[in-house]
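Residues per chain are reported as follows:
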Amino acid sequence: MSATGRLVIWPERCRGCRSCQLACSFTRTGEYNPSRSCIELDRDLRTEKTAPMIRTLTCNLCNGEPACVDACTYAAISYESSADQVMVEYRRGGAK
Amino acid sequence: MNWTERTWYVDLSEGRSWCEEASRDEVGPVIGGSGRGWQILADRLPPGVDPFAPENVVILNPGVLVGTRTVGASKLTAITKFPTIASEDGRHYTGSCTSGGRYFPMGMRHAGCDRLVILGKAARPVVIAVRDRGVEIEDAADLWGRGIDEVSVELVRREGLDAGVLAIGTGGEKLVRSALTFIDRTNSLGRGGLGAVLGSKNVKAIVARGSGGVRVAEPDTYDRISNELLAHVLEWPRREHWIKLGLAAGWSTFKHTQNPGMWEKEHWDKLYGEDKRLESLRAVIACASCPLNCRLRWQIPGGEFDGEQGLGSPYSKSATSGQLLGIEDDRKMIHLVTEANAHTGIDYYTTMRLIDFVTRMYGQGRITKQQAGFELERSYATYERLYKMTAERDGIGDILADGWYAVKEAFGLDPQEYWYAGVCKGIDFIYDARPSKFHPLMMTFLTRPRPHHGGSHTRTNSRNKTLEEIREQVEHWGLDADTMDRIFTDTPYSGRFNVGRYTAYMEDLMRVKNALGLCTIYTYQALFFADDMARLHSAAVGDDITARELIACGERVTNLAKIINVRDGFSRADDQPPDVWFRPMDAPEGRIEIQDYFQTKTLTKDDLARMLDDYYDERGWETATGHPTEARLRVMGLGSYASHTP
C-alpha cells in the first residue's frame, strides 16, 4: 500500500451498478474485469441489495486517487486522507 | 489489439456446443452484437418455421460495449420468431427485444461469449451454462415447475454471487404465448413470448459467469470518452429525482400519455400517483454501469398482501390496468405484477388487456357462462382467477394463453373491438396513440413487429418536444441537407415534422444502440447522441466510423430483419393501425383523438397511410408492398438477399 488513507463504504447507498469494479480493474490491468478488481460485491439474494467489499491485500488506494471513488455515482465509496492504519471503514447512511 | 467476436452455438437436439470467431472486418457492415446476430438469423432461420418448432432459433446478443464502464452499456438483445406477434392466418414475425441487467449480459462477455445461438430442442429440461470453459448443457429436472425468483436464486447460489441468470417462469414452461424471461430477477426481456420459445426448447434458464476481461482497442481514448459522457449525465438537472424514484418517476407525463380515459385524472392521481408509489417503493437498483438507476424493489404495505416484496417495475403497468379494470386498491394490481415477475413470467400487459376484454364482453352477453366456465364478474377476484388460469392454461385460461386470435376464434370477438390502444400484428400495446399522440414510437409499432419501445426511444417519444429540440438531435446523426429538408418540410398529413421519414432513421439508430448495448434512456433524455456512439464504437473496436456510417450499418440490420419477415409473407398489408385509434376516446375531461405530433389536427387513416408511404420511400422500399427493393439492397451490399423478396 503506497498511500495512506481510508476508503469509506456506505453500504446503504450502493445500487449495484458495478462501476467501482470496472473502474478498479481498468486502472489496474487496462481491461474491464470485475474478477481482477480489488472490490467484491456482496449481494443479498432476498432483496438484491448489494454493497462493495474491498480486498485490502491487493488495493493500493490508487496512490491516493482511488478510481472506485470517482466511478461511484451514488456516493457509496468515499476517500479520506488518514494517517492511521484503518484502510476501510463501513458507515451507516442512507441513499444520497 | 485485433478486435474479434466469439459466437457460441449450442444445439440442444444434438447436445453439443461450439464457438466461431469473426474479425472486425467480417462483422463491420452490420456492427457486432445484435447486428451480427440478425445476419446469423437471416442465414439460419428458414421461412415458415413455427415459433415452437425445434427449428426456431434464439440468439442472445450482449452489446459490443457491454462489460465496459460506459454509461448505460448493460443491454442484451434477444432475437427469435415470436409466438404472439403474428397474422391471423398463422404467420409469425421474427423480431427482437432488449433489456439491461447487472450480471447476466456482462457475465456472458466476461465468459468470452459475445453471442449465444440456441438451436434445436432439448429432450428434457435443461440449463445452459456459459462459463470460462465454454457453453454446457446441464440437467434442470429439479428446476422445472419452479418460479423465476426461486430458480434464479438457486442458480446464483450454485455458481457464485456474481453469476447472472436469465430464467423463464412456469408460464413459459406451459407455452403461454406471451411469457417473458427475466434477467437477474429485475429486468423483463421478451414481450411477444421469448419465455415461451425457450420453454418450447425445454430451456429453464441460462446462467452466465466469467472471469475474463473485456478489452477495447484504444483503452485510454475509450475511457476518456466514457468519463466525458458520465460527467454530462451527472449534470442532468432531473438526475436527483430520477435516482430517488427510478421507474416510479415520470407520473406527471404518464398520467396524460397513458390515460385510459375512464377515471377523472385527480382520482387516478390519488389512487396510483407518485405519492402512492412512494408508499411501497423500497429501493432503486441500477443495471451495470448505469448512473441513472431505474429498476425497483417494492414492499406492499398493509392489506391482504402486506409485506410482499417484488422486483422489477410495477407502477406504470398497474396504474393503467388498475384504471381499465376499475380496481382502486393499487396493492392488488401490484401483487399481480409480483406474481408475474417472480413466478409465472406471463406478460402483465397482454394478460390484463385480455382479461379486461373478455370480462366486459361477458357483461355485454357476448361470452356465455357456459363458454367461460364460470361467471366473469368485473371484480378483482375474477381477474386474479383468470390471471392464474392463464398461467396454468386452465379452462378459459387455455384460450387466453393463446392470445387475441384465439379469443376471436373461441368467442367470435374481433380484437379490433378492444378499446384501449388496440391490437396490431396480433398483440396489444402499452400506449394508446390517442392520449400519447402520434409520435415516432407509435409509427414503429406499425412498421416493425414490436409492441414495446424496445430500444427505440429518442427525444421525440413523448409529446411536447419543440421542433428545435428535435432538429438539434437529428443534427448529430450526420444526415445530409436534402434528408433534413424532407424530415422538416410541412405536409398536410404530418405537419412540420415528418414522422414517417424521421422514423426510418430512428429505427436504424435503435439497431445501433441495441448492437452496442446502450440503454435508451440516454438518447430519450438527450444525454448523448449518435455521434457519441460513433466515438465509443471507434475506440472500442479500433475503426474510425461516423454517426452517419453507423446509422447506415443500422439500416442494413433493419433490412435483414425485414427480409426475414418478407420471406414469411409479411407486407404493407400487415402494417395497419388498430381501428380504435380512429375512434375518439370519451374521457371525463373531454374527447381525446389521435393527433399529429404537434397536435394541430386530428389524424385520419389516410394521413397515416401517407406517413407509411413516406417511411417506405425514405427507406427505398416499394411503397405498395413495403418490401425492400433489389436496387436498394445492392446499394447496401445486401444484394445476395435480393432473391429472398418476391
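Rules used throughout
Along each chain, the written sequence defines residue order, and numbers are assigned to residues from 1. Chain letters start at A and ligand numbers start at 1, both assigned in the order the entries are written. Per-residue local features are limited, in this predicted model, to residues with pLDDT of at least 70; the limit for side-chain atom pairs, both in listing and counting, is 80 or more; totals at the level of whole chains, interfaces and linings are taken over all residues. Note on definitions: a nonpolar core is a set of buried residues drawn from Ala, Val, Leu, Ile, Met, Phe, Trp, Tyr and Cys, linked by C-beta atoms within 7 Å. Buried residues are those with 20 or more other C-beta atoms within 10 Å of their own C-beta, exposed residues have 12 or fewer, and partly exposed residues lie in between; C-beta atoms are placed from the backbone. Residues are scored as being in contact if the C-beta atoms we place from backbone atoms lie within 7 Å. When DSSP finds at least two bridges between two strands, those strands are taken to pair. What counts as a helix is a DSSP run of H or I of at least four residues, what counts as a strand is a run of E of at least two, and both are numbered from the N terminus. Each domain's limits were defined by an automated method or a database of domain assignments. Polarity classes work like this: nonpolar for Ala, Val, Leu, Ile, Met, Phe, Trp, Tyr, Cys and Pro, charged for Asp, Glu, Lys and Arg, and polar for all others, with Gly in that last group. The angle between two axes is taken between their N-to-C directions and runs from 0 to 180 degrees, where each axis is a line fitted to C-alpha atoms and a helix contributes only its stretch in contact. Each helix should span, by expectation, one fewer than its residue count multiplied by 1.5 Å. Throughout, the term roughly parallel applies to angles under 35 degrees, roughly antiparallel to angles over 145, roughly perpendicular to angles from 65 to 115, and oblique to all others.

With that out of the way, let us pick up the nonpolar core. Among the nonpolar cores identified, the biggest contains 198 residues, and Leu116, Val130, Ala205 and Val207 of chain B are the most heavily contacted of them. For Leu116 of chain B, the residues in contact, after removing those within four places along its chain, are Trp8, Val10, Leu60, Met108, Val130 and Val135 of chain B. Grouped together as the second largest cluster of nonpolar side chains are 25 residues, Trp10, Ile39, Ala71 and Ala76 of chain A included.

On a regular strand, one side chain projects to one face of the sheet and the next to the other, so that they alternate. Residue and element names in this part refer to chain A. In terms of strand pairing, strand E2 (residues 39–44) meets strand E3 (residues 49–54) through six bridges, oriented antiparallel. Within the sheet, the bridge partner assigned to Asp42 lies in E3 and is Ala51. Hairpin connection of E2 to E3: four residues between the antiparallel strands, including Glu48 at a positive phi of 65 degrees.

For the rest of this paragraph, the subject is the domain arrangement of chain B. All names here are of chain B. We note that the domain assignment places domain 1 (4–208), domain 2 (239–427) and domain 3 (431–644) within chain B. Placing a centre on the C-alpha atoms of domain 2 and another on those of domain 3 gives a separation of 28 Å. The interface of domain 2 with domain 3 comprises 22 residues on the first partner and 24 residues on the second. Residue assignment for the side of domain 2 that touches domain 3 shows that the elements contributing at least two residues are helix H9 (251–257) and strand E16 (423–424). At three residues, the largest contribution of residues to the side of domain 2 that touches domain 3 is made by H9. When the residues that make up the side of domain 2 that touches domain 3 are grouped by side-chain class, the tally is eleven nonpolar, eight polar and three charged.

To continue, consider the sheet that holds strand E1 (residues 5–9) of chain A. Residues and elements named next belong to chain A. The strand order across the open sheet built from three strands is E4-E1-E5, with neighbouring strands paired in mixed fashion. Either end of the sheet is taken by a strand with one partner, and the two such strands are strand E4 (77–81) and strand E5 (88–90). This sheet shows a mean twist of 25 degrees between the axes of neighbouring strands, independent of strand direction. Across three bridges, the pairing between E1 and E5 is parallel. Residue pairing across strands places Ile9 opposite Tyr90, the latter belonging to E5.

Before going further, it helps to examine helix H25 (residues 530–541) of chain B. Residues and elements named next belong to chain B. Over its twelve residues, H25 runs 16 Å from end to end, which matches the ideal 16 Å to within 8%, given 1.5 Å per residue. Along H25, ten of the twelve residues are buried, which leaves the element largely enclosed by surrounding structure. Among all positions in H25, only Ala530, Asp532, Met533, Ala534, Arg535, Leu536, His537, Ala539, Ala540 and Val541 are buried. Immediately downstream of H25, the backbone of Gly542 shows phi near 85 degrees, a positive value.

The subject of this paragraph is the sheet that holds strand E15 (residues 309–312) of chain B. All names here are of chain B. Strand order across the open sheet formed by three strands is E13-E14-E15, with antiparallel pairing between neighbours. Edge positions in the sheet fall to strand E13 (281–285) and E15, since each of these pairs with one other strand and no more. Here the average twist between neighbouring strands, direction ignored, is 15 degrees. Bridging between E13 and strand E14 (residues 295–299) involves four bridges; their strand directions are antiparallel. Considered in E14, the bridge of Val284 is made with Leu296. Each of E14 and E15 is contacted by helix H13 (residues 330–344), which is oriented at about 65 degrees to E15, the strand it contacts most.

Next up on the list: the environment of Leu638 of chain B. Checked against the element boundaries, Leu638 of chain B lands in the segment after helix H28 (630–635). Remark: the alpha-carbon pair of Leu638 of chain B and Asn559 of chain B, spanning 79 residues in sequence, is separated by 8.6 Å.

Let's shift gears to the interface of chain A and chain B. Facing 25 residues of chain A, the contacting portion of chain B comprises 31 residues. Listed by contribution, the elements that provide at least two residues to the side of chain A that touches chain B are helix H1 (19–29) and E2 of chain A. Here the side of chain A that touches chain B gets six residues from one element, more than from any other, and that element is H1 of chain A. Looking at the side of chain A that touches chain B, its residues break down into nine nonpolar, nine polar and seven charged.

Residue and element names in this part refer to chain B. Orientation of helix H20 (residues 440–447) relative to helix H23 (residues 499–516), taken along the N-to-C sense of each, is 75 degrees, at an axis distance of 9 Å. Overall, the two elements H20 and H23 adopt an arrangement that is roughly perpendicular. On the side of H20, the interface is formed by Pro440, Met443, Thr444 and Thr447, while H23 contributes Val499, Gly500, Tyr502, Thr503, Met506 and Glu507. Broken down by class, the residue content of the contact of H20 with H23 amounts to five nonpolar, four polar and one charged.

What follows concerns the environment of Leu376 of chain B. All names here are of chain B. With respect to the helices and strands, the residue Leu376 is situated in the loop between helix H15 (369–372) and helix H16 (380–392). Taking the C-alpha atoms as reference points, Leu376 and Leu386, separated by ten residues in sequence, lie 8.9 Å from one another. Dropping the residues within four chain positions of it, Leu376 is found in contact with Val358, Thr359, Tyr362, Ile367 and Thr382.

Moving on, we get to unusual backbone geometry. Residues and elements named next belong to chain B. The phi torsion at Arg393 lies on the positive side, around 55 degrees, for a residue other than glycine. By secondary structure assignment, the location of Arg393 is in the loop between H16 and helix H17 (397–400). Overall, the presence of 16 C-beta atoms within 10 Å leaves Arg393 in the partly exposed class. Phi angles above zero are rare outside glycine, and Ala421 is one such case at about 70 degrees. Position of Ala421 among the secondary structure elements: in the loop between helix H18 (404–411) and E16. Look at Ala421 and you get buried, because 27 C-beta atoms sit within 10 Å.

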